[in-house]
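# Descriptive structure summary
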Amino acid sequence: MVRVAAVGDIHLSPDCRGLLRPSFETLPLCADLLLLAGDLTRHGTVPEAEVVAAEVGDLGVPVVAVLGNHDYHSEQEADVTRVLTDAGVTVLEGESVILPMGGAKVGVAGVKGFCGGFAGRSAGEFGEREMKEFVRTTRRGAEALHRALAALSDGDCGARIALTHFAPVPDTLAGEPVEIYPFLGSYLLAEAIDEAGADLALHGHAHLGTEHGMTAGGVRVRNVAQPVIRKAFALYHLPLARPGEHRGEPRQTVARTSA
């Protein structure tokens with residue numbers, strides 16, 4: 001069993017310094033890794049990224065992240081990534097990482113993703129150049145997630161996790177205005193997850209959404225945006241399988257927090 005701590009949409013800035021650190025320092029007692037589902041900053045600036053780095057650096061467990069739309073706002077995403085990487089965070093964008101966990105391996109594939117909508121109510125790659133490029137951005141992100149997950153299939157992983165910022169399913173958007181669903185995620189992410197295979201999918205972005213969902217292929221999806229989980233992080237117990245063995249359903253608990 002691997003214990004996965006996860007949170008997104010913490011939106012830190014210099015006035016939040018030290019807010020989450022006391023809770024994160026408990027992670028070695030209850031979790032094997034921490035996954036960050038984007039929107040780590042408010043406006044995507046280096047000073048904000050430095051606050052995030054101070055909160056999650058040297059925790060004693062691996063930290064893996066994707067960026068969110070807020071982290072791109074100031075067009076300094078490369079610098080934000082550098083600051084986090086220097087603090088020991090693995091930042092993924094169309095990539096994967098394999099983490100050793102007590103004799104087993106856990107694979108994490110990550111991409112920010114993008115919007116576009118869900119089956120039957122989604123934008124199409126047709127018409128004006130601007131519309132086609134909008135949908136191509138979504139498609140490219142989904143394709144990158146598919147490649148990253150597929151790469152893990154050769155890594156003898158006991159569990160594979162898809163980490164995104166935008167939502168792959170509408171289930172976890174329940175509570176948001178339906179009019180903005182197309183701007184909160186894309187079904188193409190779910191198709192990539194189902195086709196390449198994963199044991200758990202984590203995302204953020206939808207602050208008014210719902211924690212639990214599922215892809216059409218049966219992969220459990222969890223919205224870990226902090227306004228949804230209302231904790232410093234949520235904790236999921238994910239069974240680790242031997243090669244070729246069926247993986248069970250993730251069991252969820254909520255982590256202790258002072259935030």
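Look up a bit, the structure's there.
Just so it is clear, the structure is predicted and the values come from calculations on it, not from any experiment.

A separate point is unusual backbone geometry. The phi dihedral of D58 falls on the positive side, at around 55°, and the residue is not glycine. With respect to the helices and strands, D58 occurs in the loop between helix 3 (46–56) and strand 3 (63–66). We classify D58 as exposed; its relative accessible area is 76%. With a phi angle near 60°, R230 is a residue other than glycine that sits in the positive phi range. You can see R230 is positioned in the loop between helix 8 (226–229) and strand 13 (234–238).

Turning our eyes to something else, we now look at the packing of helix 6 (residues 129–152) against helix 7 (residues 187–196). Packing of helix 6 against helix 7 leaves a shortest axis separation of 8 Å and a crossing angle of 20°. Relative to helix 7, helix 6 is oriented roughly parallel. For the pair helix 6 and helix 7, the sense of crossing is right-handed. For the pair formed by helix 6 and helix 7, the contact residues are T138, R139, A142, L145, H146, L149 and A150 on the first element and L188, L189, A192, I193, E195 and A196 on the second. When its residues are assigned to classes, the contact of helix 6 with helix 7 shows nine nonpolar, two polar and two charged.

Looking at where T26 falls in the secondary structure, it is placed in the loop between helix 1 (21–24) and helix 2 (27–30). Take T26: its relative accessible area is 13%, and that puts it in the buried class. In terms of polar contacts, T26 uses its side chain to reach the backbone carbonyl oxygen of S23, at 2.6 Å.

For the rest of this paragraph, the subject is the sheet that holds strand 9 (residues 159–164). The strand order 5-6-9-10-12-11 describes an open sheet built from six strands, whose pairing is mixed. Both outer strands of the open sheet, strand 5 (95–101) and strand 11 (212–214), are each paired with one neighbouring strand and no more. Pairs of neighbouring strands in the sheet enclose a mean axial angle of 25°, with direction left out of account. Taken together, the three bridges between strand 11 and strand 12 (residues 220–223) define a ladder with antiparallel strand orientation. Its bridge partner lying in strand 12, M214 is registered against R220. Helix-sheet contacts for helix 6 involve strand 5, strand 6 (104–111) and strand 9, and the interaxial angle to strand 6 is about 170°.

Attention now moves to the packing of aromatic side chains. Inspection of the entire model under this criterion finds three aromatic pairs. Among the aromatic residues, ring-to-ring pairing joins F114, F134 and F166 into one connected group.

This brings us to the pairing of strand 5. Judged from the seven bridges that link them, strand 5 and strand 6 form a sheet pairing that is antiparallel. The partner of I98 across the bridge, within strand 6, is G107. Where strand 5 hands over to strand 6, the hairpin turn is made up of two residues, of which G102 adopts a positive phi near 55°.

For the rest of this paragraph, the subject is the environment of L235. As for its placement among the helices and strands, L235 is situated in strand 13. In this structure the C-alpha to C-alpha distance between L235 and L33, which are 202 residues apart in sequence, comes to 9.9 Å.

Right, let's get into the nonpolar core. Counting 55 residues, the largest nonpolar core has F24, L27, L34, L35, L84, V108 and L202 as the members making the most contacts within it. Here this core takes six residues from helix 3, the largest share from any one element. In this structure V108 touches L33, L35, V64, L92, E95, S96, V97, L152, I161 and L163, once residues within four positions along its chain are discounted. Grouped together as the second largest cluster of nonpolar side chains are 22 residues, C157, A192, A198 and A201 included.

To continue, consider the environment of G204. Its place among the elements puts G204 in the loop between strand 10 (200–203) and strand 11. Every residue in contact with G204, bar those within four places of it in the chain, is listed here: D9, A37, T164, H165, N223 and A225.

Calculation notes
Residues numbered from 1 in each chain as written. Predicted model: local features only at pLDDT ≥ 70, side-chain atom pairs only at ≥ 80, totals over all residues. Heavy atoms only, no water. Helix = DSSP H or I, 4+ residues; strand = E, 2+ residues; numbered from the N terminus. Buried < 20%, exposed > 50% of the residue type's maximum accessible area, 1.4 Å probe, protein only. Axes fitted to C-alpha atoms, helices over the stretch in contact; angles between N-to-C directions. Parallel < 35°, antiparallel > 145°, perpendicular 65-115°, else oblique. Left-handed = near helix turned anticlockwise from the far one by under 90°. Contact = heavy atoms within 4.5 Å. Nonpolar A, V, L, I, M, F, W, Y, C, P; charged D, E, K, R; others polar. Polar contact = N/O pair within 3.5 Å; in protein donor to acceptor, adjacent residues only side chain to side chain. Pairing = 2+ DSSP bridges. Phe/Tyr/Trp six-rings, centres within 6.5 Å; stacked < 30°, edge-to-face > 60°. Core = buried A, V, L, I, M, F, W, Y, C linked by side-chain atoms within 4.5 Å.

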